[in-house]
Each structure stands twice: as C-alpha cells, then as structure tokens.
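# Residue-level structural notes
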Amino acid sequence: MHRFTPAFRRLLASTIAPLLLVPAFAPSAHAQQEGSTSAFGEVIDVRVVNLEVVVTDRKGNRVTGLTPGDFVLKVDGKEVPIDYFSEVQGGISVAPTGAQTVQGLPTLTPGAPVGTSYLVFIDDFFAVERDRNRVIDSLDQQLPLLTPEDRMAIVAFDGKKLTMLTSWSQSSRELGRALREARVRPAFGLQRLSEVKQLASSRTVLRQAGFDPSPYSFPGGDITTRLSVEEKEFAERRSSQVQRVITAAAATLRSFAMPPGRKVMMLLSGGWPFDPAQAAAEDASRPVLDEGFPRSTALYRPLVDTANLLGYTLYPVDVPGLIGNGPDASVEGIPAPQAGLESPELEAETSLTHIASRTGGKALLNALRVQALGQAATDTRSYYWLGFTPQRQRDDKPHRIAVDVRRDGLRVRSRRGFLDSSRRTEVSAMVESALLFGSAPTSAVLPVRLGEGKKAGRDLLDVPIEIAIPVDQITVVPVGERYVSELELRVAVVDEDGWTSEIPVLPLKLEAPQQPVPGGHVRYATTIKLRKKKCDLVIAVYDVPSGRLVATRIQFQPPGR
C-alpha cells in the first residue's frame, strides 16, 4: 500500500531547470516584476467586490426596505463607501425608495426578476454511493423549484478528474439527465471509511502487543495530545485528500466564474474533516499539537478565498447526514469551528459550517440534505446587494470585510473577506483548473515534445521537454539593439492516482538580435523531474505584457509502463 504525504506534492514536477534555447533568443536571469502586467481580463477581472447581505430581526424574519445609509461597510476595520446598492425581494429587483444617492447594480433592472446560477459540485471521492444518490435524487425531484431565470451547471469529482456533466442549463430535462448520469458514477467513500477502520485496527494490534498507540503529552495539564506515528500518517494522508477535493472545488468555481445573476455553489460533501489531526486522534476531546500539514481554516482557505473573490455564496450539503434532525437553513447563527470535537460527524459538520459562514451561505446538515435545493433557493430569494471598489494591490493578501446596520436588534449575514490575488496566482489557478478538467485552457496551440526520462534517483526521472512558443502569441519589444520578451512558464502535473503537483513558475526573459518572423516559433528546452508514474501535464506559457496564455495538455508514459 502506498503512503502519500504533502511531500509527494512538492517532489512531483518540483524542478524545472533551463537547458537550451535555440539561437533566436537567449535566456536571461532577470525575474518578472509583479505588477507590471496588464489585467488578466480574459479569465477573471474582479474590479468590484459584491456582497449579498441578509438582514433579519430577532425572530429570524427578513428585514426589507433598508437604504444604503442604513449599512456600515468596513474593510480591515476601516469604513469604506458603498458604490452600488440594490435590494432583491422574492427574486425581484426592487426599485429604490426615496432619494438614493448610490447607484444600483448595473446588471439589475428595477421590477425585473433576478435569476440564480446554481453550480453543483458532487464529491464522489469521500461520498458513499447510497448517501450520495439519495441527495442526487432529491435534487432531481426539486428541479421544478427553479424559476425560468435560474440556471444550473453540474460537475463531479472522483479524486482524480473533474467531469462536467452539464454546463449552464435552464432545461429541466437536460439537468435531470446530468443528475441521472451522476447517480451511476463510481463513489469511493467506502475506501475512506476503510482507512478509518485500518487506523482503529492498528491501535488494537499495538495494544495487543503491549504498546500504547496514543502517547499523550500534558504541557500545563492534561488538555492536549500528540499523535502516534500511525495517527500522524493518517492525518497527513487525510489532509492531502481533503486538499485534493478543495482544490477541485476551487478550480470548478474559476471555470464557471462569471454567470449572470446571484451565484451559488452547492457542495455535496461526503464528509471532509475540519481538522484531519483531530479526526486522527483517538481522544478527539483533546486539542492536537502536531503540525507540519494543513489544518482547519488553512485547509479550506483556497476554496473560501476563491468563492469570495468571484462572488459565490457556498451552500455545503451534508451527504452522510447521520442524524435525523438538523438546523433549518433559515436559522441564523452558525456554530464556530471548535477543537476537541466529540465525533467524526461533528468534525465533518464543522468544516461545512465554516465554509458556509465565511461566504455568507448556510450549511445544509443532516435531514436538510434532502431539501438542499429548496433550502438554498429560499435563502437566496431576498437580500441586499452591496458593491464596493477595493484598492487592489494584487499582492495575495487577505482582507476582512464586515457589514453592519445602524438599527438596533438586527442581524447581518454576508461574506467575511476577500483575497487580493495576484495575476501570477490567477494564471496558475487557471492552469490547475485545466489540468483537473482534462483539457487545455487555451485555443491557441502550444507544440510540446517530451523526451525519454532518465533515472534521477529513487522513483524519479529527469524528463527533457521542448516547447515551441508561437511568436504571434507573445509580445516582442525592442530594447536597445535587441528584441526582448517577458514570459512565464508553468507546468502542472497530475499522476494516474490523482495526486497533483505544486505549480512552479519560471520567469523567462528571452532576447534576440533581430525581430522574430511572424507566424514562426521560439523553441525552448528544459528538464522536469517526474515520478515513475503515468501522468498528465498542462504546459503553459504566459505573456506578461499582454496577459495572453497559450497552453497544451500532454501525457507522459514512463519507460517500461
């Protein structure tokens, strides 16, 4: 049995060493300076941050008729002006009352219906088939709840690849077909449960041999614990598995970034632990001290940040639903993530409440899993839509958002922050999305040739790679007596078991004594290190000045396989 840890991600495709460039250009050591690029508008260009704000009274009833002056919007603790303001009641955009000095959202017409775009993400990697199909069947039965302005797209993830079952569709027949297709897909939740049982069995074997499988340490009292070797291996594996699903969900958001209307993602979760270290501990009531792999909020941050950047509200669905009764989606107040949870079920539910609370949504737990679409539809029909223009630095720094009302006794729910992502991060995310969806992210062709790998250590190969960069896709600028191009090379890898690599970014400054001929290619050669496994690669070249991306997808078959 193979054991994978986060170190595997670091090794796979972790080295890109430039070897050769044909005479047309020569490599330079100058690095790309962040901030000198143009807007990455052809993929994601978020200039205005939109907030869907729900206001309720003490009894949980929706409060309507508020004006921009009733709200206080703060970013990182400082009040900022509201640039756009609209109200939606029962799915209809409401005309402003009185003298409103803030303009409404340009995409909304007073008195017109406002549709919702539902992006459904089905987790086949953690879900048990029986539980998953029960939720899928309920979605199929609730499709009549969609209004004519609504639309839905459905994506499934099996731990290796994202499959788009249908793009945006307003056809109940098409959506029903996609859900029936989702129903017959393999589910791998029993394997995840088997891993839990194997951990329990290893504890039993150790006890029978006279060893304590869970060594505790008690600094300052008996309130903390450290994991045993077996527990730590389980925690590292589970952390990597959750990372895999969260990465896929974030990639799905980016691939469906800009639909019209209200944007909602329904996450059908098979049971993702909020903190894999706590899930691995035999006594889950004690906070675990072990570090070295993503835990709790850090584990789910990529999904939360992507949703908030793109304006998606997340409604995670508790597919296992082990308890018969759960909180209603209209009940305000989501429990805060907590350490030392009492059961794996509560551990998994905390991950869903965390995701929902950070994006302004609701966790549909337990019995509500079979009412998911109806609950989400009800919760997204009436709200206030606030927009503001942040001073973006594109420095990958998070920013806190707080929305409040000036009237006493009212409660507010909205997303809690946004990530000021850099263009470098956005391009890498686009490449990763293409990798998981099994496609190339661009229509322009990037010819690539892989050579035969040579042994570079245990289970590693040095693989030569030659790239023909289309001259028409890059910007060539005269600098003195030479012609210069500023590029970035990215290589994303997923192996046959579904494990992905980190995406290295190699800045390339290419120079030539004469201007390259239009329609020609610039050839660049390098080597990458790959595991001795069959894998798929997305090779991408990003032109910094223009923001153009050219990429291709290619498969590597190691010798002897």
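All residue numbers refer to positions counted from 1 along the written sequence of the respective chain. At least 70 in pLDDT is required for a residue's local features to be given in this predicted model, at least 80 for side-chain atom pairs to be given and counted, and no such filter applies to totals for whole chains, interfaces and linings, which use all residues. Side-chain metrics rest on all non-hydrogen atoms present in the structure, leaving aside hydrogens and water.

When its secondary structure is counted, the chain shows 10 helices and 25 strands. Counting all 561 residues of the chain, 53% fall into the buried class. We call two residues contacting when some pair of their heavy atoms lies within 4.5 Å. Nonlocal contacts in the chain, meaning residues at least 24 apart in sequence, comprise 76% of its contacts between residues at least 6 apart. Note that accessible areas follow from Shrake-Rupley with a 1.4 Å probe, and for residues the cover is restricted to the protein chains shown. If you sum the accessible surface of the chain, you get close to 24100 Å²; carbon and sulfur atoms cover 51% of it. Put simply, DSSP H or I for four residues or longer makes a helix, DSSP E for two residues or longer makes a strand, and each gets a number counted from the N terminus. Think of it in three bands: with a 1.4 Å probe and only protein chains considered, a residue is buried below 20% of the maximum accessible area for its type, exposed above 50%, and partly exposed in between.

Let us look at helix α7 (residues 296-310). Side chains of residues three or four places apart in an α-helix project in the same direction, reflecting 3.6 residues per turn. Between its first and last C-alpha atoms α7 spans 22 Å; for 15 residues at 1.5 Å apiece the expected length is 21 Å, and the two agree. Working definition for bend: take the seven residues up to and ending at a residue and the seven starting at it, fit an axis to each, and measure the angle between the axes. Within α7, the axis deviates most sharply at Pro302, by approximately 40°. Taken across its 15 residues, α7 has 11 buried, putting it largely inside the fold. Those residues of α7 not exposed but buried are Ser296, Leu299, Tyr300, Leu303, Val304, Asp305, Thr306, Ala307, Asn308, Leu309 and Leu310. Among the residues trailing α7, Gly311 stands out with phi positive, at a value near 80°. Expected helix span is computed as 1.5 Å times (number of residues minus one).

The subject of this paragraph is unusual backbone geometry. In the Ramachandran plot, Asn366 falls in the positive-phi region, its phi being about 55° despite a non-glycine side chain. Assignment of secondary structure puts Asn366 in the loop between α8 (344-359) and α9 (372-379). Despite not being glycine, Asp459 has its phi angle at roughly 65°, a positive value. Tracing the backbone shows Asp459 in the loop between β18 (454-455) and β19 (460-470). Since its relative accessible area comes to 38%, Asp459 is described here as partly exposed.

What pLDDT expresses is the predictor's confidence in each residue, scored from 0 to 100. Across the chain, the average pLDDT comes to 83, with 84% of residues at 70 or higher. By mean pLDDT, helix α1 (residues 6-11) is the weakest element of the chain at 33, and strand β8 (residues 116-123) is the strongest at 98. Across residues 1-43, confidence stays below pLDDT 50; counting only partners more than four residues off in sequence or on other chains, it has 111 contacts.

Time to look at the pairing of strand β14 (residues 397-405). For strand β4 (residues 71-75) and β14, the ladder comprises 5 bridges, and the chain directions are antiparallel. What sits directly across from Phe71, in β14, is Val405. Any two strands are treated as partners once DSSP identifies two or more bridges connecting them. As judged from the 4 bridges shared by β14 and strand β16 (residues 417-420), these two strands associate in the antiparallel manner. Within the sheet, the bridge partner assigned to Arg400 lies in β16 and is Gly417.

Once that is clear, we can look at the packing of helix α5 (residues 229-255) against helix α10 (residues 423-437). At a minimum axis distance of 9 Å, the contact between α5 and α10 shows a crossing angle of 105°. Judged by the inter-axis angle, α5 sits roughly perpendicular to α10. Contacts between α5 and α10 involve Thr247, Ala248, Ala251, Thr252, Arg254 and Ser255 from the first element and Glu426, Ala429, Glu432, Ser433, Leu436 and Phe437 from the second. Ten residues, namely Ala, Val, Leu, Ile, Met, Phe, Trp, Tyr, Cys and Pro, are considered nonpolar, four, namely Asp, Glu, Lys and Arg, are considered charged, and the remaining ones, Gly among them, are considered polar. Of the residues assigned to the contact of α5 with α10, the class counts are 5 nonpolar, 4 polar and 3 charged. Only the contacting stretch of a helix is used when fitting its axis, a line to C-alpha atoms as for every element, and angles between N-to-C directions run 0 to 180 degrees. Between 65 and 115 degrees an angle is taken as roughly perpendicular, under 35 as roughly parallel, over 145 as roughly antiparallel, and anywhere else as oblique.

The 4 strands lie next to each other as β5-β4-β14-β16, forming an open sheet whose pairing is antiparallel. If you trace the sheet from one side to the other, it starts and ends with β5 (78-79) and β16, each paired once.

The criterion for an aromatic pair is that two Phe, Tyr or Trp rings (for Trp, the six-membered ring) have centres within 6.5 Å, with stacked assigned to planes under 30 degrees apart, edge-to-face to planes over 60 apart and tilted to the rest. Under the defined criterion, the tally for this structure stands at 9 aromatic pairs. For the pair Phe71 and Phe85, a centre-to-centre distance of 5.7 Å together with 55° between the ring planes defines the contact as tilted. In this pair, Phe71 is assigned in strand β4 and Phe85 in strand β6 (residues 84-89), connecting sequence segments 14 residues apart. The same class applies to Phe71 as to Phe85, namely buried.

Read across the sheet, 5 strands follow the order β10-β9-β8-β11-β12 without closing on themselves; strand pairing throughout is mixed. Looking at which strands have only one partner, the edges of the open sheet turn out to be β10 (162-169) and β12 (312-318). Across this sheet, the average inter-strand angle for adjacent strands is 15°, counted without regard to direction.

Within the secondary structure, Ser138 sits in helix α2 (residues 129-141). In terms of polar contacts, Ser138 uses its side chain to reach the backbone carbonyl oxygen of Val135, at 2.6 Å. Apart from residues no more than four positions distant in its own chain, Ser138 is found in contact with Arg369 and Val370. Two N or O atoms form a polar contact when they lie within 3.5 Å of each other; inside protein one atom must be a possible hydrogen donor and the other a possible acceptor, and for residues adjacent in sequence the pair counts only when both atoms belong to side chains.

Here, a salt bridge means any side-chain nitrogen of Lys or Arg that lies within 4 Å of a carboxyl oxygen of Asp or Glu. A complete count under the given rule lists 28 salt bridges for this structure. Residue Arg407 is joined to Asp70 by a salt bridge in which the shortest nitrogen-to-oxygen separation is 3.6 Å. Highlighted residues: Arg407 in the loop between β14 and β15 (411-413) and Asp70 in the loop between β3 (49-56) and β4, separated in sequence by 337 residues. Owing to a relative accessible area of 13%, Asp70 belongs among the buried residues under this scheme. The shortest N-O distance in the salt bridge between Arg458 and Asp459 comes to 4.0 Å.

This next bit is on empty space enclosed by the protein. The pocket and cavity definitions rest on a 1 Å grid over protein atoms only: a 1.4 Å probe that fits but cannot leave marks a cavity, an open set with protein on both sides within 12 Å along at least five of seven lines marks a pocket, and residues lining either have an atom within 4 Å of a point. Grid points are joined across faces, edges and corners, and a volume is the space filled by probe spheres set on the points. On inspection of all chains with the given rule, the structure shows 4 cavities of 30 Å³ or more. Volume-wise, the largest cavity comes out at about 60 Å³.

Mapped onto the elements, Asp543 comes out in strand β24 (residues 535-543). In this structure, Asp543 is buried with no salt-bridge partner, the nearest side chain bearing the opposite charge being Arg548 at 4.2 Å. At 2.7 Å, the side chain of Asp543 forms a polar contact with the side chain of Thr475. Charge counting follows a simple rule: Lys and Arg are positive, Asp and Glu are negative, and His as well as the terminal groups are ignored.

To continue, consider the packing of helix α4 (residues 189-208) against α5. The axes of two packed helices give the description: the angle between them and the distance between them. At a minimum axis distance of 10 Å, the contact between α4 and α5 shows a crossing angle of 170°. One finds that α4 runs roughly antiparallel with respect to α5. Across the interface between the two elements, Arg192, Glu195, Val196, Leu199, Ser202, Arg203 and Leu206 of α4 pack against Glu230, Glu231, Phe234, Arg237, Arg238 and Gln241 of α5. Of the residues assigned to the contact of α4 with α5, the class counts are 4 nonpolar, 2 polar and 7 charged.

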